[in-house]
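# Breakdown of the fold
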Amino acid sequence: MKRGFSSFHPLTCFLYYVGALVIVMLGQHPAFLLSTVLVLIVFNIIQEKGGGLIRWWGAYATLIIFFLVLTPLINHRGTHLLFYFRDNPVMLEAVIQGMITGLSLLCLLLVFLSYNQIITADKFLFLFARVLPQWALLTMLAMRFVPLFRRRLVEIDRVQQSKGVSVKTGSLKQRIKNGLLFVQILLTWSLEEGIQTADSMKARGYGLKKRSRYTPYHFQLKDGLLLVIIILFFSLSVAGWALGDLVLEIQPMLESPLLSGREWFFYVVGLLYMGIPLCIEGREWVLWRFWRYKI
Amino acid sequence: MEILALQNLSFRYPDEEHWVLNNLSLSVSEGDFVVLFGPSGSGKSTLLRLIKSEVAPHGESKGQIIFNHRSIAEHTAETLAKEIGMVFQDPENQIVMDRVLEELVFGLENLGFRTDYMRKKVAEMSHFFGLDSLLNRRISELSGGQKQMINLASVLLLEPKVLLLDEPTAQLDPVAAKSFISMLRRMNEELGITVIMAEHRLEDVLPLADLAVILDKGTIVHSGSPRQLSAEIAHEKYQSYLPAATALAMTFSHEQEKMVPLTIKEGQQWLREQTIISKSLKKPEKKKKNGAVLLELKRVDFQYERDNHKVLEQLSLKVYEGECLSIVGGNGTGKSTLLRVLAGFIKPQRGHLKIKGTRSNKKRNEILKVGYLPQNPRLFFLEDTVEKEMEKAVASNKRLDHKTGKQHIDYYLESFHLKALRDHHPYDLSGGEIQKAALICLLLKSPEVLLIDEPTKGLDPMAKQSLIERLKRLNQSGLTIVNVTHDIEFAAQVSSRCALMFQGELTAEGTPDAFFKGNTFYTTAMDRLTRQTGVPEVLTLEEAKQTWRMQNS
């Protein structure tokens with residue numbers, strides 16, 4: 001993807017993602033969140049053929065179900081009684097609240113998925129290495145650790161399983177103890193290897209002077225234009241939140257989840273913001289089709 | 001012209017009595033290929049790190065390191081970062097960025113080179129290394145060998161005058177190691193870069209060297225041209241480092257320094273001039289009858305994900321009591337998976353595992369005690385000292401009471417030469433030591449079968465030799481051993497039966513003799529050396545020593 005969304009200036013892209021995170025956190029309306037999820041899924045399919053979704057769908061589904069089930073069991077405030085579960089009232093408000101929380105978290109994760117594709121390590125360093133070199137280095141190492149940790153835990157589990165130590169069998173206490181021991185080896189091991197990474201960075205002169213760029217990122221006119229659009233739609237969305245139009249009111253009175261009047265306007269604005277990358281990729285796709293059609 | 005010199009260099013870690021490096025002096029000329037070898041813990045890494053001052057260990061040092069006619073302390077940090085490059089042992093941990101191209105230019109960017117200069121350099125380098133198709137890939141998708149090649153390329157882009165390598169092939173499989181080394185040879189021969197390399201596998205490296213240095217306990221024991229050095233050490237303990245041709249020639253004659261063969265080709269020329277008859281070998285032809293079948297796999301299929309290829313396909317295998325079975329094969333052929341199926345950690349999708357004839361999976365630990373030694377024995381240790389871990393192992397073995405357990409620990413620590421390390425943290429041990437410690441933990445559980453994954457990875461030749469002796473002894477005392485390895489030399493020496501894994505199946509099997517002799521590529525260096533040279537074919541130096549008689553012509 002040399003063109004498309006990733007070809008824009010890292011600063012523009014980064015600000016877009018910051019905005020996107022804020023909007024999905026503020027926008028507490030199930031209709032809006034559900035549409036956003038769809039937009040983000042389509043974008044992920046275009047970006048990496050759904051690779052991230054396939055890898056993580058299990059975790060995502062668990063998360064949603066967790067909130068969907070747990071919130072009604074804990075939260076009993078509201079006026080619309082659905083049914084009783086073991087003598088506990090299950091409220092419509094709580095179900096909707098659970099849905100909103102789950103969807104909102106899912107949106108956050110999907111935005112991160114897309115962020116990881118667009119803001120690569122070198123763009124991240126470009127943005128922050130000059131302002132905060134030490135912090136940028138630390139963040140880089142930490143981010144590198146996330147997928148590594150996953151792989152390493154699997155490996156530790158494999159090896160320890162051979163000794164009969166496992167987190168999957170035994171009493172709960174024993175399992176928790178084993179789990180903590182695993183995390184302890186994981187940290188010891190990773191710290192040691194982290195030192196090697198730091199050595200390799202130092203050996204190649206990291207931090208000696210101002211870094212230059214292999215890929216020159218020039219802030220061009222199109223970056224400026226996109227930034228203006230981003231700021232415009234972001235401000236409107238925030239206004240929508242402030243006016244209460246992007247939020248479904250639950251307490252004290254449950255609002256109708258159907259959109260009406262002004263809410264439609266802000267719904268469209270918010271969704272357009274979330275769909276900016278999709279529009280840009282879509283344009284590339286149309287152009288490509290059109291070009292093929294001409295020959 | 002001299003590019004690098006050590007003058008009476010000594011070094012010790014803070015608060016330590018003994019000197020890790022003791023009064024070293026060495027002179028390296030521009031364009032030299034220097035090979036540095038010696039047992040683990042001899043100070044090779046420390047020496048290389050002292051030369052590369054950014055990663056130098058903390059401690060007290062004496063003497064001087066002269067680079068380009070000035071002490072390294074007088075050079076600017078930039079000059080040193082650019083002109084002395086270093087590649088470390090682990091391919092994975094050196095990588096910072098997540099895409100190949102970003103990783104390649106990491107050093108160039110750090111030193112602030114201009115974009116057009118970098119573009120030109122990268123184009124050049126990727127052409128030289130043939131990296132074009134990899135440039136936009138994610139690093140995590142690459143193999144270990146490719147990763148190490150990227151590390152090398154990234155350092156070379158800075159155009160260093162001296163390239164330091166700390167056991168760069170220790171974590172690679174033999175094929176990847178060979179291609180890495182041949183790339184180094186090109187760097188050295190075509191670009192004239194000075195190379196200083198610490199290495200264990202000398203078979204391919206020694207012939208390239210201009211200067212070979214043996215470091216032991218912090219002092220230079222021998223140094224000189226490879227031939228000169230070979231002649232000197234042929235009858236010492238360092239003999240196990242020598243390439244096959246050299247070791248063979250030096251065992252049977254005292255050649256002049258000039259005549260010492262280093263490569264297989266030279267070795268064959270030397271052999272053609274010799275007359276050798278095989279002694280009427282009174283081989284211990286006891287042709288052991290196969291013992292009872294302990295473990296059996298029947299038409300086993302395994303794949304990790306549904307859409308991926310099958311790692312094991314219709315694989316059948318019997319493990320007999322008392323044998324030492326080596327399963328050899330390239331990387332990614334499913335060897336480790338096979339071992340884990342045998343250990344019962346993963347269940348095959350099709351086919352089944354029989355333990356002593358029964359298929360029950362529940363009480364498998366009562367039927368047959370299996371010990372499993374993983375590729376990375378470090379992850380084996382949960383306690384903070386070696387001894388505590390062993391006590392735990394004893395505690396989990398119901399057949400041992402506390403007191404006999406203690407005696408067992410003492411016995412093993414003594415016979416494995418680990419006594420001094422019993423109170424150490426497992427992570428302070430070297431690769432060979434930690435492997436021994438893990439092996440003891442397994443033995444304390446008195447297993448009947450021992451499964452070992454890639455036992456020789458990262459071991460120096462002397463540690464490898466002692467591992468071979470140890471496993472042989474354990475095998476003779478009745479322990480059944482199954483190992484998977486890509487180290488053919490190891491398999492040829494240790495096993496009573498070998499099997500070749502290829503595309504998820506076991507394609508060939510037999511005694512090491514029948515299995516390897518006659519193979520053109522997939523055999524030991526000693527066999528490649530002796531076949532078709534008119535002398536009796538042998539697999540190992542040991543075999544040659546026993547069966548050959550040299551006639552003085």
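Rules and cut-offs
- Residues numbered from 1 in each chain as written.
- Chains lettered and ligands numbered in written order.
- Predicted model: local features only at pLDDT ≥ 70, side-chain atom pairs only at ≥ 80, totals over all residues.
- Heavy atoms only, no water.
- UniProt positions renumbered as here; feature names shortened; annotations may be inferred.
- Helix = DSSP H or I, 4+ residues; strand = E, 2+ residues; numbered from the N terminus.
- Rg over C-alpha atoms; globule rule 2.2 N^0.38 Å.
- Buried < 20%, exposed > 50% of the residue type's maximum accessible area, 1.4 Å probe, protein only.
- Contact = heavy atoms within 4.5 Å.
- Areas by Shrake-Rupley, 256 points an atom, 1.4 Å probe, with all protein chains shown as cover.
- Lys, Arg positive; Asp, Glu negative; His and termini not counted.
- Charge placed at Lys NZ, Arg CZ, Asp CG, Glu CD.
- Pairing = 2+ DSSP bridges.
- Axes fitted to C-alpha atoms, helices over the stretch in contact; angles between N-to-C directions.

Chain B has the name ABC transporter domain-containing protein in an unreviewed UniProt entry, where Pullulanibacillus pueri is given as its organism. The record in UniProt for chain B states the following under Subcellular location (unreviewed entry): "Cell membrane". Annotation of chain B in UniProt includes, under Sequence similarities (unreviewed entry), the sentence "Belongs to the ABC transporter superfamily."

Within an unreviewed UniProt entry, the label attached to chain A reads ABC transporter permease, and the organism entered is Pullulanibacillus pueri. Word for word, the UniProt comment on chain A under Subcellular location (unreviewed entry) is "Membrane".

Within chain B, the regular secondary structure consists of 19 helices and 21 strands. Radius of gyration (C-alpha) of chain B: 25 Å, near the 24 Å computed for a compact globule of 553 residues. Here chain B holds 553 residues, and the buried ones make up 55% of them. Of the contacts formed within chain B by residues at least 6 apart in sequence, a portion of 68% connects residues at least 24 apart. Total accessible area on chain B is roughly 24600 Å²; 47% of this is exposed by carbon and sulfur atoms. Across chain B, the 71 positively charged side chains and the 72 negatively charged ones have centroids separated by 8 Å.

Glancing now at the sheet that holds strand β12 (residues 293-302) of chain B. Across a sheet, paired strands are connected by hydrogen bonds in the backbone, their directions being either parallel or antiparallel. Residue and element names in this part refer to chain B. Taken together, 3 strands build an open sheet; the order of strands is β13-β12-β15 and the sheet is antiparallel. The open sheet has two edge strands, β13 (312-320) and β15 (350-355), and neither has a second partner. Each adjacent strand pair in this sheet contributes to an overall mean axis angle of 5 degrees, direction not counted. Sheet analysis places β12 next to β13, joined by 6 bridges and oriented antiparallel. Residue Leu-295 lies in a different strand from β13, and its bridge partner there is Val-319.

All names here are of chain B. Sheet architecture is open: 6 strands sit in the order β16-β17-β18-β14-β19-β20, paired in mixed fashion. Looking at strand neighbours, the two that pair on one side only are β16 (370-373) and β20 (505-510), the edges of this open sheet. When strand polarity is set aside, the average angle formed by the axes of neighbouring strands in this sheet is 20 degrees. As judged from the 5 bridges shared by strand β19 (residues 497-502) and β20, these two strands associate in the antiparallel manner. Its bridge partner being in β20, Ala-499 is matched across the sheet by Glu-509.

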